[in-house]
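Descriptive structure summary
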Amino acid sequence: MAVETISKTPEVSLPISSDSITLRISRFNPKNDLSPIFAEFKVPIQKWTTVLEAILFVKQNLDHSVAVRYSCRQASCGSCGMRINGKPALACYTKISELNSNIVTVEPMHNFPIIRDLAVDFKQMFANHKKMKPYIIREDSEIASDTKEFLQTPEEVEKYLQFSYCIKCGLCNSACPTMATDESFIGPQGLAQAYRYVADNRDDGKKERLKIIDQSHGIWRCHFAGSCSHVCPKGVDPAMAIQLLRGYLLGFRK
Amino acid sequence: MRESIIMKIHYGTALGAVALVTIHILFRMTQNFSESLQYQNVIANYHLLPYALMLEVVLILLSVHGFNGLRVILLELKQGIVYEKLINYGSIGAMAALIAYGSRTILMAGMGMS
Ligand code: HEM
Ligand code: SF4
Ligand code: FES
């Protein structure tokens, strides 16, 4: 792959820092380019500098045209997923110092169409997420007057709690080997959300959801590589959700 | 057909095959290997009706399992309405063809036509 080296050094006065790293950013605009190239930047870092901060330093001081998506900077919004030294991770939740390398390479997530540089298209993932009916389905409501909130015991909450931590960052889908070739596959993100609602005892939509995931590009296309659970930054275990959902479909669970 | 039913068949045929192939191997171990491959010994297997029937079942189980497995691989490799229809019906056709050809062999050997 061609490497374009941009040896711009920052002209602004920088925070006191003895260290610097080389940040290699994958640059690609599908409208104009045939293949991605890497642009290299020298970036000063401190012990607490995150990969996202290093990218934003480049945008502010060296090349403002780098495309990256971010918002919360605190692992909450799910915008900044990318491959950092080859591994899918949140840029705002990965410190440069924990990478143990003077060269940090950032590339867009696998298994998503690239919009530009590090920004990928989430349309399909969000559509699959919606297909799972990610809300409580039941006849009555807890918000109308003269109704009460639906109480749950701690044990009942525990059944789905970890799956409700999903921030839709797409890292699990990007790590999934099935998603690499099967673009119709629902993916670990959507399947984990299907389980999140199926396992919620306030919900009555189990039958509907099980029917949706029991399709030729549904739950059975998982072959338990487990990479989804390995990369999730929020401690969600989509691989387990998939196995638990299979339990319902195979009749081991009611 | 619902995918879960297909996959139940897939897992079921795998388990069934493990059981029957075990019996098959145990039978073969009653003789040493070269003896078990001698012409008259091979033919004798097919003349033993329960054993020939078991071989027929193994043939069906593994044809269904193997071609469904191949179908899954091909569906994950490429997508498209026409392509997927082709793969789905093609696998059923291939299963049927292999079962027919294998049954023909078992039947002919059983009736002493080889
Ligand atoms: C008798 C021992 C066997 C057992 C226990 C077994 C079990 C399995 C299981 C559990 C799967 C599903 C894997 C998954 O969904 O990730 C599978 C898939 C598959 N099997 Fe078998 N199988 C056996 C023999 C065979 C044989 C003899 C063939 C070839 C004729 C075969 C061909 C396939 C194929 C092509 C797949 C699809 C690949 C995949 O899904 O990973 N299997 N097998
Ligand atoms: S399950 Fe984890 S990795 Fe997947 S989208 Fe949700 S938060 Fe991201
Ligand atoms: S910027 Fe929101 S998760 Fe990283």
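Now for a description of the structure that goes with this document. (Residues numbered from 1 in each chain as written. Chains lettered and ligands numbered in written order. Predicted model: local features only at pLDDT ≥ 70, side-chain atom pairs only at ≥ 80, totals over all residues. Heavy atoms only, no water.)

Residues and elements named next belong to chain A. Membership of the largest hydrophobic core comes to 39 residues, with the highest contact counts inside it found for Leu 23, Ile 55 and Val 106. Secondary structure elements with two or more residues in this core: β2 (19–27), β3 (37–45), α1 (51–61), β4 (81–84), β5 (87–90), β6 (103–107) and α4 (171–175). Sorting elements by how many residues they give to this core places α1 first, with seven residues. Lining this core are residues from two domains, each supplying at least three of them: domain 1 (5–120) and domain 2 (123–250). Among all residues touching Ile 55, those that are not within four sequence positions of it are Leu 23, Val 66, Val 68, Met 82, Val 106 and Leu 118. One finds Met 132, Phe 163, Ala 194 and Cys 232 within the second-largest nonpolar core, a separate group that totals 27 residues. (Core = buried A, V, L, I, M, F, W, Y, C linked by side-chain atoms within 4.5 Å. Buried < 20%, exposed > 50% of the residue type's maximum accessible area, 1.4 Å probe, protein only. Helix = DSSP H or I, 4+ residues; strand = E, 2+ residues; numbered from the N terminus. Domains from an automatic or database assignment. Contact = heavy atoms within 4.5 Å.)

All names here are of chain A. Not every one of the 13 residues close to ligand 2 is listed here, only the nearest: Cys 166, Cys 169, Gly 170, Cys 172 and Cys 232. Taking a 2 Å distance to the grid points as the criterion, the majority of the atoms of ligand 2 fall inside the largest cavity. The residue makeup of the shell around ligand 2, split by class, is nine nonpolar, two polar and two charged. (Near = heavy atom within 4 Å. 1 Å grid on protein atoms, 1.4 Å probe; cavity = no way out; pocket = protein on both sides within 12 Å on 5 of 7 lines; lining within 4 Å. Sits in = over half its atoms within 2 Å of the grid points. Nonpolar A, V, L, I, M, F, W, Y, C, P; charged D, E, K, R; others polar.)

We now examine helix α1 (residues 3–28) of chain B. The end-to-end C-alpha distance of α1(B), which contains 26 residues, comes to 37 Å, matching closely the 38 Å that a straight helix rising 1.5 Å per residue would cover. Inspection of α1(B) places B:Glu3, B:Ser4, B:Ile6, B:Met7, B:His10, B:Thr13, B:Ala17, B:Leu20 and B:Arg28 among the buried residues, and these make up the whole buried set. Those residues of α1(B) that are buried are in contact with α9 (238–250) of chain A together with α2 (33–36), α3 (39–47) and α4 (49–77) of chain B. (Expected span 1.5 Å × (residues − 1).)

Around a metal, the perfect tetrahedron of four donors has angles of 109.5 degrees, and the perfect octahedron of six donors has angles of 90 or 180 degrees. For the iron atom of ligand 1, the sole protein-derived donor is B:His65 (NE2), lying 2.0 Å away. As for its placement among the helices and strands, B:His65 is situated in helix α4. (Donors = N, O, S within 2.8 Å, 3.2 Å for Na, K, Ca; no water.)

Right, let's get into the pattern of salt bridges. Counting across every chain of the model gives 15 salt bridges over all chains. For A:Asp117, the salt bridge goes to A:Arg116, with nearest N and O atoms at 3.6 Å. Here A:Arg116 falls in the partly exposed class, since its relative accessible area comes to 31%. Of the charged contacts in the structure, one is a salt bridge between B:Glu3 and A:Arg221, with a shortest N-O distance of 2.8 Å. Here the residue B:Glu3 occupies a position in helix α1, and A:Arg221 occupies one in the loop between α7 (206–213) and α8 (227–231), the pair thus bridging two chains. Accessibility assignment for this pair places B:Glu3 and A:Arg221 in one class, buried. (Salt bridge = Lys/Arg side-chain N within 4 Å of Asp/Glu carboxyl O.)

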